Amino acid sequence: MEKILFKILILFLWAGLFAMPSFAIEETITLDESTDFKKETNFEFAFDKPKKILFANAVINEFSPVLNFQGTYSADIQEDGSNFTYPFIIEGGGEVRFNDGKSSFRAVSNFTRNVDKLDNKFLGKLSDVYYEREMAPHHKVLIGNSRIPIGIEGGKSQYGLMFAKRAQIADRFGNARALGARFRGDFGHIDYDLGGYSSTRSLQDVTDGAEFSGMINYKPFYDSEASILKDFKTSLWVNTGVRGSGYTVSGLGAEWRYDKFLLNAEYAYADGSNASKYRRDKSEGFYTTVAYNITDKVQAAFRYDVLDFNTEKSNDTVQKYTAGLNYYIIGQRLRFSLDYTYTQNGSAIKQCDGSSIHFMTQVMI
């Protein structure tokens, strides 16, 4: 516990350092009497934005360091006993943007990920390792290892979730990263994310098989500036591939944002799945969320979440009711969250019904 508290203290010291206003340093280097090479390096240290080090007259135009922390104190209270845990994530790395203005490279490692069961533990620690290039305005190609779009919430970063825990379909079907090539872009009304990947996770043996994963989002009222439905969008997605006996997960969803309100819903059906690990079961689930911004920094949210773990069996459905508060001190970069979840388990599930409380701290340098 002392080691954990020490790491958290170090992170907050870094947070205080990087909360300083932006500043710049300019230096002149004289190579010889006939050559005057001027190099300007700008350091942008505004805590509400990613940190940047800007280079002039160099192949690399910009470097952004990455240091993220997320810790969740969890108290699971059930009829047969209670369990208290504090899982946390520490990630570090960086992203460089090249001076062509169209390409970048990102490498981030999860230092706290458990890789004991993996053959290659070094690669298993890596989260994002990819090269991205703009092919045309609003259209990019990405090559490497990244989080793939298996569902709306399943494809979101851990640091962008509304609650401390993902919805059940997002966690079981969509919480995955894979090595491959993907194409992303938008046409205004429509945006897309389509790609082919290895079906092996954690950058291990890539000979297990291949998969396709894609999502298309459509905004039917995109041009209706005065409409309250301007930011309403619908989504269709699919993830299908070869691993074991094969798998296909598909889903659809919708999201509506207006003023201080947010309302969303997502349904998914899986004939086998391949998120953090491969599963053969046929499953289906649904969640819906309503959220309201009480102030610019405080958000209240409620979610109903249900998952049938095996549609070919009875009484193995889990329903969860979650109420939460988010305090965005500096957006997602410094945030506290408090969630309460009540869980109802089907009679075929050995675990008793119960409650859980999650208090999350998030710092992104």
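Residues numbered from 1 in each chain as written. Predicted model: local features only at pLDDT ≥ 70, side-chain atom pairs only at ≥ 80, totals over all residues. Heavy atoms only, no water.

Undergrad: Would you take a moment to explain a nonpolar patch on the surface for this structure?
TA: Taken together, the side chains of Y73, I77, F84, F261, Y292, I294, L325, L338, Y340, Y342, I357 and F359 present a nonpolar region at the surface, about 1,100 Å² in accessible area. For the nonpolar patch, the elements supplying multiple residues, two or more each, are strand 4 (60–78), strand 19 (334–345) and strand 20 (354–364). The element contributing the most residues to the nonpolar patch is strand 19, with three residues. Relative to the helices and strands, F84 is located in strand 5 (residues 81–85). (Patch = residues over 30% accessible without salt bridge, like charges linked within 9 Å, V, L, I, M, F, W, Y side chains within 5 Å. Areas by Shrake-Rupley, 256 points an atom, 1.4 Å probe, with all protein chains shown as cover. Salt bridge = Lys/Arg side-chain N within 4 Å of Asp/Glu carboxyl O. Helix = DSSP H or I, 4+ residues; strand = E, 2+ residues; numbered from the N terminus.)

Undergrad: Can you help me understand the side chain of N310 in this one?
TA: For N310, the location among the structural elements is in the loop between strand 17 (298–308) and strand 18 (317–332). Not counting chain neighbours up to four residues away, the residues in contact with N310 comprise D281, K282, S283 and D316. (Contact = heavy atoms within 4.5 Å.)

Undergrad: Sorry, what's going on with the nonpolar core here?
TA: Here is a general trend for soluble globular proteins: nonpolar side chains tend to be buried in one another's company. I169, F173 and W237 are the most contacted members of the largest nonpolar core, which has 16 residues in total. Of all elements in the fold, only helix 3 (168–174) and strand 15 (261–274) reach the threshold of two or more residues within this core. Counting residues in each nonpolar core, the second largest holds five residues, with M162, F163, L262 and A291 among its members. (Core = buried A, V, L, I, M, F, W, Y, C linked by side-chain atoms within 4.5 Å. Buried < 20%, exposed > 50% of the residue type's maximum accessible area, 1.4 Å probe, protein only.)

Undergrad: Can you help me understand the environment of D100 in this one?
TA: Checked against the element boundaries, D100 lands in the loop between strand 6 (88–98) and strand 7 (103–110). As a C-alpha pair, D100 and V59 span 41 residues in sequence and 8.2 Å in three-dimensional space. At a separation of 3.0 Å, a polar atom in the side chain of D100 contacts the main-chain amide nitrogen of K102. Separated by 2.8 Å, the side chains of D100 and R133 make a polar contact. (Polar contact = N/O pair within 3.5 Å; in protein donor to acceptor, adjacent residues only side chain to side chain.)

Undergrad: Any chance you could explain the environment of Y86 here in plain terms?
TA: Tracing the sequence through the fold places Y86 in the loop between strand 5 and strand 6. Sequence separation between Y86 and G71 is 15 residues, and the spatial gap between their C-alpha atoms is 6.7 Å.

Undergrad: Is there a simple way to explain the pairing of strand 13 (residues 233–241) in this structure?
TA: In regular strands, side chains alternate between the two faces of the sheet. Relative to strand 13, strand 12 (residues 210–218) runs antiparallel, the two being bridged by eight bridges. What sits directly across from N217, in strand 13, is S235. For strand 13 and strand 14 (residues 247–258), the ladder comprises nine bridges, and the chain directions are antiparallel. Bridge pairing links K233 to E255 in strand 14. (Pairing = 2+ DSSP bridges.)

Undergrad: What am I meant to see in the packing of aromatic side chains here?
TA: Each aromatic ring pair is specified by the distance between its two centres and by the angle formed by the two planes. Inspection of the entire model under this criterion finds eight aromatic pairs. An aromatic cluster of three or more residues is present, and its members are F69, Y86 and F88. (Phe/Tyr/Trp six-rings, centres within 6.5 Å; stacked < 30°, edge-to-face > 60°.)

Undergrad: Just to check I follow, could you spell out the pattern of salt bridges for this structure?
TA: Opposite charge on two side chains lets them pair, provided their charged atoms get close. Inspection of the entire model under this criterion finds 14 salt bridges. Ionic pairing is found between E95 and R106, a salt bridge with its closest N-O pair at 3.2 Å. Of the two residues, E95 is situated in strand 6 and R106 in strand 7; the sequence distance between them amounts to 11 residues. Because the salt bridges share partners, they merge into one network encompassing E62, E95, R97, R106, D128 and R177.

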